[in-house]
Amino acid sequence: MNTLPLYRQLANHYLDAIRSGTLKTGERLPSIRLMMEKHAVSLSTAVQVCRELEDYGVLEARPRSGNYIRQPDTPGKAVAISLPPPLDTGVYVGIHEQVSAVLKASQRATVKVNFASAYCAPPLYPLKVLQDNMIKALRQDPHLLDTSSSTSGHSDLRNVLARRMLTAKTHLSAERIVITHGATEAINLALRAVTRPGDTVAVESPTFYGLLQILESLNLRVLEVPASTPAGIHLPALEQLLQGPEPIKALIVMPNLHNPLGSIMPDAHKARLVKLCAEHDTVLIEDDTYGDLVDTEQPLSTLKHWDRTDSVIYCASLNKTLAPGLRLGWISAGKWHDRVEMLKHTQTRGCEKLSQLAVSAFMATPSYERYLRRLRKTLTQQRQQMSAAILRYFPEGTRVTNPRGGTLLWVELPAQYSSMMLFHDALNVGIQISPGDIFSNTRRFHHFMRIGCGAPYSPRIDEALQTLARLLKNQA
C-alpha cells in the first residue's frame, strides 16, 4: 500500500514521465482543470502537485500560458533523486552504534580503493605552499610554539575570512568570528549554545552521519525533514513541522553543496527559510563546509546574508578545500557569540597558531583563487567520469546526482538492492563505500550510497566500480 500523500504520488508520476522522456522540456503540463478531471482530485491537490514539481526544478509557470516542463538543474542521464518520502518524527536511538559499526569495520579492513572519503586526493591540495608558509612563520616568530593561542583564533585568519565573506554578500565582523577544530567543533558549539538535552532539533534527511553522531551525543531529539536534489530541504514539509505542536529549537542545514545530496538551495528558498525560522523562533545553524567548491566564479549567497535579526549561526570549514590535516573551521554565532566564545574556552581553548598563520597568508593572496579554480575544474572532470562509469556498470534503473561542485555523488540503486550488504561485500575485497543507512535513522535510504570522487579517475578506480557492479549482480 502506498503511504505517500496523493499529491506526492501524482508528482512522482509526472517526474517519472519527465525522466523517461514521455514529457519533454518545453512541453506543457496538463492544466489544473485537466489534472483534476484526469486523476479525480481536488483543486488543492492539483495545485500542490504543481508546487511540488516547481520545488524540484522541473516545472515553470508562464503567466497567462500555463505550466511548462523545464530543464532540471541536474541535466542529462544523471537525474534528480526521488521525491522525499513522508515526514518522520523520531528520536535518534542507535544511530551512533550503527555509524560506529560501519566506521570500525572500515578501520579494521585493508582498504585499497576508498569511495567513502569526502576529501580530495593529496596531490590536489596546496601542501607545499602551506608547508613553506609554516616555515616562514616560525622564522618570523620562533616563539609561536611556546605561547598560548587566543580562544577566538588568530586575528590574521579571522580578518581574511571576514573579507572573503564580503564576496558572498555577507557582512561579518572579524571580532565575532571564532576559529574552531573543523566544522564538527563549530556545530557542537552552536548546538551547546542554543539547546539543552531533550530539546528538538530538525535536520535534513538524508544528512551527514557525523551530524547524527553529534546530536545523539548531546541527547537531543531529532526531526527529519525531507530533502532532495536540486533544491535541498523541502520547505513545505518544514513549514508543516514548524506549525506543529512540538517546538523546534534549532534547524541545521547545508544550503550550498549538501552532503550527501550535492543540492544547492535557490536564493528565494534561502530567504524564505531564514524568514520561516525567525517567525517560529527556531535557531538556524548553517553548515557551509563545501561552499568554496561550488563551480562558480561568484560565491553563492549564504543563509547569513538573509539574516536580519542576527539569528543565523554560520559554521564553515577549511578541511575540504585546503588540507584535511589542518582541522581548521570557524563559527560566526550572531547573538550567541559571547556564549560560544566561553564554551570554546571551556572545552578546547584556542586552536594552535602555526596552521592559522600558514592558511591566512595563502588565502590573502590571488594564488588562493587561482588554486580554487583549478581544483573545481579538476573535480568537475572527476565527478563526470565517475558518474558515467556508475551509470555504465551498475544495474539498470540506477540514478546518480549531478552536483555543481564538490567531491560527492549520491547514488540511488533500484529498491531491491541493499547498500549495507554491498558495503560489507565490498570491504571484503578492499573497497570502501558509504552505505545510505548511516545518513538517516530510518531505512528509507537502504538502497542509496555516497560515492567520493576526490581522486583522479584511473584504471584502478574503473576496476573497483566494475567490482561493485558484480557484487550488486550477486544480490539480484
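The rules behind these values
- Residues numbered from 1 in each chain as written.
- Predicted model: local features only at pLDDT ≥ 70, side-chain atom pairs only at ≥ 80, totals over all residues.
- Heavy atoms only, no water.
- Helix = DSSP H or I, 4+ residues; strand = E, 2+ residues; numbered from the N terminus.
- Rg over C-alpha atoms; globule rule 2.2 N^0.38 Å.
- Buried < 20%, exposed > 50% of the residue type's maximum accessible area, 1.4 Å probe, protein only.
- Contact = heavy atoms within 4.5 Å.
- Areas by Shrake-Rupley, 256 points an atom, 1.4 Å probe, with all protein chains shown as cover.
- Lys, Arg positive; Asp, Glu negative; His and termini not counted.
- Charge placed at Lys NZ, Arg CZ, Asp CG, Glu CD.
- Pairing = 2+ DSSP bridges.
- Right-handed = clockwise from strand over helix to strand, strands pointing away.
- Axes fitted to C-alpha atoms, helices over the stretch in contact; angles between N-to-C directions.
- Parallel < 35°, antiparallel > 145°, perpendicular 65-115°, else oblique.
- Nonpolar A, V, L, I, M, F, W, Y, C, P; charged D, E, K, R; others polar.
- Expected span 1.5 Å × (residues − 1).
- Core = buried A, V, L, I, M, F, W, Y, C linked by side-chain atoms within 4.5 Å.

(A) Quick peek at the overall build of the protein. Of regular secondary structure, the protein possesses 15 helices and 17 strands. On C-alpha atoms alone, the protein measures out to a radius of gyration of 23 Å, which is about the 23 Å that the 2.2 N^0.38 rule sets for 476 residues. The dimensions of the protein, computed from C-alpha atoms along their principal axes, are 80 × 50 × 45 Å. Relative to its 476 residues, the protein shows a buried fraction of 57%. Contacts in the protein between residues far apart in sequence, at least 24 positions, make up 76% of those at least 6 positions apart. In the form shown here, the protein has an accessible surface area of approximately 20500 Å², with 52% of it arising from carbon and sulfur atoms. Positive and negative side-chain charges in the protein, numbering 53 and 43 respectively, have mean positions lying 4 Å apart.

(B) Geometry of the pairing of strand β10 (residues 283-287). Most of β10 sits out of view: five of its five residues are buried. Every second residue of β10 is oriented toward a common face, with V283, I285 and D287 on one face and L284 and E286 on the other, all of them buried. Two elements, strand β9 (residues 250-253) and β10, share four bridges in a ladder whose sense is parallel. For L251, the partnering residue across the bridge sits in β10 and is L284. Following the backbone out of β9, through helix α10 (residues 267-279) and into the adjacent parallel β10, one traces a crossover that is right-handed. As judged from the four bridges shared by β10 and strand β11 (residues 312-317), these two strands associate in the parallel manner. Bridge assignment links E286 to a residue of β11, and that residue is Y314.

(C) Fine view of unusual backbone geometry. Along the chain, T229 connects to P230 via a cis peptide bond; the corresponding omega equals 0°. With respect to the helices and strands, P230 occurs in the loop between β7 (221-228) and β8 (232-233). Omega for the bond connecting N259 with P260 falls within 30 degrees of zero, at 20°, which places this linkage in the cis form. Position of P260 among the secondary structure elements: in the loop between β9 and α10. Even without being glycine, K169 reaches a positive phi, approximately 60°. Tracing the backbone shows K169 in the loop between α6 (155-166) and β5 (178-180). Of the residues examined, K169 reaches a relative accessible area of 54% and is grouped as exposed. Positive phi values are uncommon outside glycine, yet L257 reaches one of about 60°. Here L257 is to be found in the loop between β9 and α10. By relative accessible area, L257 is classed as buried at 3%.

(D) View of the packing of helix α9 (residues 235-242) against α10. Two elements in contact, α9 and α10, have axes whose closest approach is 11 Å; the angle formed by their N-to-C orientations is 5°. Between α9 and α10, the crossing angle belongs to the class labelled roughly parallel. The segment α9 lies against α10, with L235, L238, E239 and L242 engaging H269, R272, L273 and L276. Its residues assigned to classes, the contact of α9 with α10 comprises five nonpolar, one polar and two charged.

(E) Here's a closer look at the environment of W336. Structurally, the position occupied by W336 is in the loop between β12 (329-332) and α11 (337-347). W336 sits in the buried class, given a relative accessible area of 18%. Separated by 25 residues in the primary sequence, W336 and S311 have C-alpha atoms spaced 8.4 Å apart. Beyond its immediate sequence surroundings of up to four residues, W336 is in contact with A193, V194, V283, D310, S311 and I313.

(F) Here's a closer look at helix α15 (residues 459-475). Compared with the 24 Å implied by 1.5 Å per residue over 17 residues, the 25 Å span of α15 between its first and last C-alpha is a close match. Taken together, the buried residues of α15 touch β4 (113-114), α13 (366-393), α14 (419-428) and β15 (431-432).

(G) The nonpolar core, seen in detail. Formed by 40 residues in total, the largest nonpolar core has its most connected members in F115, M386, I390 and L468. Elements with a minimum of two residues in this core: α4 (95-108), α13, β14 (408-412), α14, β17 (448-452) and α15. Sort the elements by how many residues they give to this core and α15 lands first, with seven residues. In this view, F115 contacts M386, I431, Q432, I433, R450, I451, G452, I461, A464, L465 and L468; residues no more than four positions away in its chain are not counted.

(H) Structural detail: the environment of K304. The residue K304 is located in the loop between β10 and β11 in this model. Separated by 28 residues in the primary sequence, K304 and S332 place their C-alpha atoms 9.4 Å from one another. If we skip the residues at most four places from it in the chain, K304 touches T170, L172, E286, D310, V312, Y314 and G334.

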